[in-house]
Structure formats: C-alpha cells, structure tokens
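Single-letter residue listing:
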Amino acid sequence: MGNVPQWTLTFNLVTLGILLRTKPFLNNSSTEHTSLPSMVNIDPMVVLNAPLKGISQIWVVESSLSGLALLGGIYLYSPGLAGHAFLGSSIGALSGAAMIGSDFGDIEIGLYGFNSCLTALGVGVFFVHSPRAVLLSTGGAAVTAGLFGALKIIFGDVLMVP
C-alpha cells in the first residue's frame with residue numbers, strides 16, 4: 001500500500017460507495033429552496049435551539065436536549081471550551097441566517113452550526129485563551145458557515161452524507 005494510511009483508504013472507499021449510491025451530481029428536477037422567513041414569523045425557541053442542535057449534529061443527532069447535555073459535558077472538561085463551542089455554533093447559525101438563499105430548515109436543524117462549532121473548538125483547544133483567540137474563533141466560525149453554504153450550492157446535499 002505504500003505510505004497511505006489504511007483508514008484513509010477505508011474512508012475513501014466508503015465515501016465513493018455512498019456517492020455512487022446516492023448519485024448527487026445527477027440533474028435533480030426539484031430545485032425548491034425555502035428562503036429565510038421574515039423576522040416576524042421566526043419562533044424564538046427555534047433561534048435558541050439552533051446552536052444546541054448544531055452542537056448535537058457533531059454526533060449526528062438532531063436534538064437540542066442532547067446538545068445541551070453534550071455542552072454540559074464539554075463544560076465539565078473546560079468551561080472556556082464550552083464557551084467556544086456555544087459561540088461557534090451560534091455564529092454559524094446566525095451566519096447561515098444572514099446568507100441570502102440559505103434554507104431555514106438547514107439552519108433550524110443545526111447544519112450551519114456544527115462545522116462552525118468544530119472550528120471554534122479547534123481554536124479553543126490549540127490556541128491560548130485570549131481576546132485574539134476569541135476573535136479568531138468567531139471569525140473562523142463565520143467563515144466556516146459561509147463556506148458550508150457556498151459548497152452546499154455547488155455540491156447540493158452530498159455534504160450531509162456522514
């Protein structure tokens with residue numbers, strides 16, 4: 001096999017199998033996208049639950065209660081890291097809501113929050129806690145959500161395949 005780690009080969013084979021099965025690049029006749037509703041119609045509980053669902057989506061679970069439990073576990077390990085996680089997921093959800101044409105359903109179930117949460121957690125783990133680290137965490141979470149939205153337009157729902 002050479003210098004390729006065996007998990008890389010397994011991951012690539014599983015990913016290619018999923019892509020062959022789902023055929024995401026075929027022309028799909030339904031291009032229905034639901035845009036962001038007006039701010040008057042948004043339920044406040046949806047806004048509060050989106051960051052928690054974003055945290056739970058890291059473990060492929062869509063539950064704000066699970067997200068709260070996971071955030072509590074992160075808090076027991078490091079309160080600062082829990083702050084980074086919640087901040088990152090919140091910024092991801094807000095960035096997704098600010099993007100024109102983003103699907104509000106994806107924001108509501110936490111898809112814009114989970115990658116942003118992981119980015120913020122990475123900054124919280126590998127950088128010394130400081131105001132600059134918090135700024136980097138916030139900016140990284142926003143850029144990650146924007147990148148997810150852009151790649152979702154290009155590749156469609158294939159980015160949601162575990």
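Residues numbered from 1 in each chain as written. Predicted model: local features only at pLDDT ≥ 70, side-chain atom pairs only at ≥ 80, totals over all residues. Heavy atoms only, no water.

Engineer: Please clarify how helix α4 (residues 79–98) should be interpreted in this entry.
Structural biologist: At 3.6 residues per turn, the α-helix brings residues three or four places apart onto the same side. Its 20 residues place the ends of α4 28 Å apart at the C-alpha level, agreeing with the 28 Å of an ideal helix rising 1.5 Å per residue. Buried within α4 are the following residues: L81, A82, H84, A85, G88, S89, S90, I91, G92, A93, S95 and G96. Looking at the buried positions of α4, the neighbouring elements they touch are α2 (44–56), α3 (64–77), α5 (104–108), α6 (111–126) and α7 (131–155). (Helix = DSSP H or I, 4+ residues; strand = E, 2+ residues; numbered from the N terminus. Expected span 1.5 Å × (residues − 1). Buried < 20%, exposed > 50% of the residue type's maximum accessible area, 1.4 Å probe, protein only. Contact = heavy atoms within 4.5 Å.)

Engineer: I tried to follow the pattern of salt bridges on my own but got confused; where do I start?
Structural biologist: Where charged atoms of side chains with opposite charge meet at close range, the side chains can pair. The tally for this structure, following the rule as stated, stands at two salt bridges. Where K53 meets E62, a salt bridge forms, and the shortest distance between an N and an O atom there is 3.9 Å. Accessibility expressed as a relative area gives 16% for K53, which makes it buried. Using a relative accessible area of 46% as the deciding quantity, one classes E62 as partly exposed. For the salt bridge of K152 with D106, the shortest nitrogen-to-oxygen distance reads 3.0 Å. Here D106 lies in helix α5 and K152 lies in helix α7, a separation of 46 residues in the sequence. Like K152, the residue D106 is buried in the burial classification. (Salt bridge = Lys/Arg side-chain N within 4 Å of Asp/Glu carboxyl O.)

Engineer: Would you mind showing me how to read a nonpolar patch on the surface here?
Structural biologist: The grouping of V125, F126, F127 and L136 at the surface amounts to a nonpolar patch, some 440 Å² of accessible area in total. Position of F127 among the secondary structure elements: in the loop between α6 and α7. (Patch = residues over 30% accessible without salt bridge, like charges linked within 9 Å, V, L, I, M, F, W, Y side chains within 5 Å. Areas by Shrake-Rupley, 256 points an atom, 1.4 Å probe, with all protein chains shown as cover.)

Engineer: Would you mind showing me how to read unusual backbone geometry here?
Structural biologist: At V60, a position not held by glycine, the phi torsion is positive, near 55 degrees. Topologically, V60 is positioned in the loop between α2 and α3.

Engineer: Please clarify how α7 should be interpreted in this entry.
Structural biologist: Taking 1.5 Å of rise per residue, 25 residues should cover 36 Å, and α7 covers 36 Å from first to last C-alpha, within 8% of that figure. Those residues of α7 lying buried are A133, S137, G140, A141, T144, A145, F148, G149 and K152. Once α7 finishes, G156 follows within two positions and takes phi at roughly 75 degrees, a positive value.

Engineer: How do you make sense of the packing of α3 against α4 when you look at a structure like this?
Structural biologist: Orientation of α3 relative to α4, taken along the N-to-C sense of each, is 145 degrees, at an axis distance of 5 Å. Together, L71, I74, Y75 and Y77 of α3 and P79, L81, A82, A85 and F86 of α4 make up the contact between the two elements. Partitioned by chemical class, the residues of the contact of α3 with α4 number nine nonpolar, no polar and no charged. (Axes fitted to C-alpha atoms, helices over the stretch in contact; angles between N-to-C directions. Nonpolar A, V, L, I, M, F, W, Y, C, P; charged D, E, K, R; others polar.)

Engineer: Would you explain the environment of T138 in this entry?
Structural biologist: Of note, T138 is situated in helix α7. Considered as a pair, T138 and C117 are 21 residues apart in the sequence and their alpha carbons are 9.7 Å apart. Setting aside its immediate chain neighbours within four residues, T138 contacts L87 and I91.

Engineer: Teacher, can you tell me more about the environment of A133 here?
Structural biologist: Within the secondary structure layout, A133 lies in helix α7. What makes A133 buried here is its relative accessible area of 5%. For the pair A133 and V123, spaced 10 residues apart in sequence, the C-alpha to C-alpha distance is 6.8 Å. Every residue in contact with A133, bar those within four places of it in the chain, is listed here: H84, V123, F127 and V128.

Engineer: Explain the nonpolar core to me, please; I cannot follow it from the model alone.
Structural biologist: The biggest cluster of nonpolar side chains holds 10 residues, and these are V46, A50, A93, F104, I107, L111, Y112, F114, A145 and F148. Mapped by element, the contributors of at least two residues to this core are α2, α5, α6 and α7. Per-element accounting of this core gives the leading share, three residues, to α6. Among the nonpolar cores identified, the runner-up in size contains nine residues, and I55, L71, A82 and C117 belong to it. (Core = buried A, V, L, I, M, F, W, Y, C linked by side-chain atoms within 4.5 Å.)

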